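# Analysis of the macromolecular model
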Amino acid sequence: MALVNENFLNLSSNYLFADIAKKVKAFKAEHAEADIISLGIGDVTQPLCPAVIEALHRAADEMGIAASFRGYGPEQGYDFLRDAIVNHDFRAHGIDINIDEIFVNDGAKSDTGNFQELLHVGNIIAVTDPVYPVYVDSNMMAGRRIVKLPCSAENNFVPDLPKQPVDVIYLCYPNNPTGTALTHKELYKWVNYAIDNNALILYDAAYEAYIQSDKTPHSIYEIPGAKHCAVEFHSFSKTAGFTGVRCGYTVVPKEVTVTTLACEHVALNPLWNRRQCTKFNGTSYLSQRAAEAIYTKDGRQQVQQTIDYYMHNASLMRQTLQGLGLKVWGGEDAPYLWLQTPKSLTSWEFFGQLLEKANVVCTPGVGFGECGEGFVRLTAFGTREKTEEALERLKAYISTL
Ligand SMILES: *Cc1c(COP(=O)(O)O)cnc(C)c1O
């Protein structure tokens, strides 16, 4: 008799984006003429930059010639990409990371979801509330207990250290969904907590490229001691529009260990290597050549232009919302803004009114956790024209409240 993994039956039905799509569709059915603008999507809209497109063409041509054809690549990723990552993302900033500490993947979602496989089922997992749902659901599937670290206007959406002992902590900064960032000082506190408590930090740096402030660390390894207690996830999805290309990487330093029940230290780097070699056959050669191109002189410039474009949207959004007297977080080091709904409307009430009266779509904050109730997430990934138009409509709607 084949028994089910009953942990799957305990998952909360995560229909957030399906629910949003359903409501938008119903509205469209009744208002065919409405020109709906979405500030709800968590996907980029600008095309891949020329340096990446050229690299993709070159790689495709190589694949068509016997002499340069590539089959299975290394499970850890090609050295040309791992080298570029080490040099540009770490050594250029004074961080000593080695090539064999970099594991190239097909996007950060896979590894942020899979990494928990290396950890004991009895570990207590801490996540922020609101949160990117992958951390919660992947641990639920394995049957682990999860503790929420509440984030609210009171703590400026920066969580306090856990009040009860926890073993593994997921941090995502700059944050999705709140758009808030941690300063060096704040991140230092977490690294110290992890070292003092033999805890492991799983640090999601997917939005690192959007950081504008010098006070915000780009990598947890900027903090002394972090190589002993943290694994870091990167993605080219938001950095360079790779949501459809698929490529990212995970950093597992040689120093980072966890313990056996007999209190022996076990290094995670060889375990992750073993796991990847068993379950993963590498990221496509084309994606890796495309990612390599991001690190060329032209590539870096072109990618930065797109990020600047989105961050200009974010800054327009922030100014407009604040000008309307609304309370808003994020949008300074991240392409997300976290808006407190006016008149104490619930997340879904505000979503409904904004759709109805302004024909603008947002993402209800409560969809990311209980603490998100009374907030919505807005994204800066739209075009300039649509973003400006959406802000005009939002202004008109707010003036009627
Ligand atoms: C978008 C995103 C990722 C990246 O996912 P990919 O699989 O690389 O596309 C990772 N973490 C968070 C929090 C994200 O929002």
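Residues numbered from 1 in each chain as written. Predicted model: local features only at pLDDT ≥ 70, side-chain atom pairs only at ≥ 80, totals over all residues. Heavy atoms only, no water.

## Describing the overall build of the protein
In plain terms, the rule: Per the convention used, a helix needs a DSSP run of H or I reaching at least four residues, while a strand needs a run of E reaching at least two, with both numbered from the N terminus. Here the radius of gyration uses the C-alpha set of atoms, whereas the globule reference equals 2.2 Å times the residue count to the power 0.38. Only protein chains enter the area calculation, which uses a 1.4 Å probe; residues under 20% of their type maximum are buried, those over 50% are exposed, and those in between are partly exposed.
Regarding its fold elements, the protein presents 12 helices and 15 strands. What you see for the protein is a C-alpha radius of gyration of 22 Å, in line with the 21 Å of a compact globule of 401 residues. Its C-alpha atoms give the protein principal-axis dimensions of about 60 × 55 × 55 Å. For the protein, the proportion of its 401 residues judged to be buried stands at 52%.

## Let's talk about the site of the ligand
As a reminder, the rule being used: Note on terminology: near, applied to a residue and a molecule or strand, indicates that one of the residue's heavy atoms is within 4 Å of it. Side-chain atoms alone can form a polar contact between residues adjacent in sequence; in general such a contact is a pair of N or O atoms within 3.5 Å, and within protein one must be able to donate a hydrogen while the other accepts it. We get accessible surface area from the Shrake-Rupley algorithm with a probe of 1.4 Å; when it comes to residues, only the shown protein chains can shield them. Residues are grouped as follows: nonpolar covers Ala, Val, Leu, Ile, Met, Phe, Trp, Tyr, Cys and Pro; charged covers Asp, Glu, Lys and Arg; every other residue, Gly included, is treated as polar.
Of all residues adjacent to the ligand, which total 14 residues, the nearest are Asp204, Tyr207, Ser235, Ser237 and Lys238. Within the backbone of Ala108, a nitrogen or oxygen atom sits 2.7 Å from an oxygen atom of the ligand. Take Arg246: an N or O atom from its side chain is 2.7 Å from an oxygen atom of the ligand. Protein chains bury 93% of the 390 Å² of accessible surface belonging to the ligand in isolation. Of all the elements in the fold, those that place two or more residues in the shell around the ligand are helix H4 (108-114) and helix H7 (236-240). Class assignment for the residues of the shell around the ligand results in six nonpolar, four polar and four charged.

## Some points on the packing of aromatic side chains
Put simply, the rule reads: When two rings of Phe, Tyr or Trp (its six-membered ring) have centres within 6.5 Å they constitute a pair, described as stacked for plane angles under 30 degrees, edge-to-face for angles over 60, and tilted for the intermediate range. Consider the ring centre and the ring normal. A charge sits over the ring if Lys NZ or Arg CZ is within 6 Å of that centre and within 35 degrees of that normal.
Taken as a whole and judged by the stated rule, the model has 26 aromatic pairs. Between Phe80 and Tyr285, the ring centres sit 6.1 Å apart and the planes meet at 90°, which makes this aromatic pair edge-to-face. Residue Phe80 is found in helix H3 (residues 79-90), and its partner Tyr285 is found in helix H9 (residues 285-294); the two are separated by 205 residues along the sequence. The two residues Phe80 and Tyr285 agree in class, both being buried. The structure contains a cluster of three or more aromatic residues connected by ring pairs, namely Tyr207, Tyr210, Tyr309, Tyr310, Tyr336 and Phe381. Taking the ring centre of Trp348 as reference, the NZ or CZ of Lys23 above it sits at 4.6 Å.

## A few points about the domain arrangement of the protein
To keep things clear, this is the line we draw: Throughout the structure description, domain borders are defined by an automatic or database domain assignment. We call two residues in contact whenever any of their non-hydrogen atoms come within 4.5 Å of each other. A 1.4 Å probe defines the accessible area here, and the buried area is the portion of it lost by two parts on being joined, summed over both.
When its domains are assigned, the protein resolves into domain 1 (14-43 + 298-398) and domain 2 (50-295). Once you take the C-alpha centre of each, domain 1 and domain 2 turn out to be 27 Å apart. Listed per partner, the contact involves 28 residues of domain 1 and 35 residues of domain 2. Between domain 1 and domain 2, the buried area comes to about 2,500 Å², and carbon and sulfur atoms account for 60% of it. In terms of surface lost to domain 2, no three residues of domain 1 exceed Trp329, Asp333 and Phe368, which account for 26% of the buried area on that side.

## A look at the sheet that holds strand E11 (residues 328-330)
Here is the rule we go by: Strands are labelled as partners when DSSP assigns at least two bridges between them.
An order of E11-E12-E15-E14 is seen for the four strands of this open sheet, with the pairing classed as antiparallel. One side of each edge strand has no neighbouring strand; the edge strands of this open sheet are E11 and strand E14 (363-364).

## Quick word on the sheet that holds strand E8 (residues 248-251)
To keep it simple, the criterion reads: In this analysis, axes come from line fits to C-alpha atoms, helices being fitted only over the stretch in contact, and the angle between any two N-to-C directions falls in the range 0 to 180 degrees.
Spatial strand order, E2-E8-E7-E6-E5-E3-E4: seven strands in an open sheet with mixed pairing. Each edge of the open sheet carries a strand with a single partner, namely strand E2 (102-105) and strand E4 (145-150). With direction set aside, neighbouring strand axes in the sheet form an average angle of 20°.

## Quick word on helix H1 (residues 16-30)
To keep things clear, this is the line we draw: Expected helix span is taken as 1.5 Å per residue step, with the number of steps being one fewer than the number of residues. Note that the arc is computed from the directions linking the helix axis to the C-beta atoms.
Look at H1: 22 Å from first C-alpha to last across 15 residues, which is about the 21 Å you get at 1.5 Å a residue. For H1, every residue scored as buried is listed here: Leu16, Ile20, Val24 and Phe27. Buried residues of H1 fall within an arc of 60° about the axis and therefore sit on the same side. More than 90 degrees from the buried face of H1, the exposed residues found are Lys22, Lys25 and Ala29. On its buried face, H1 sits against helix H11 (347-358), strand E13 (360-361) and E14.

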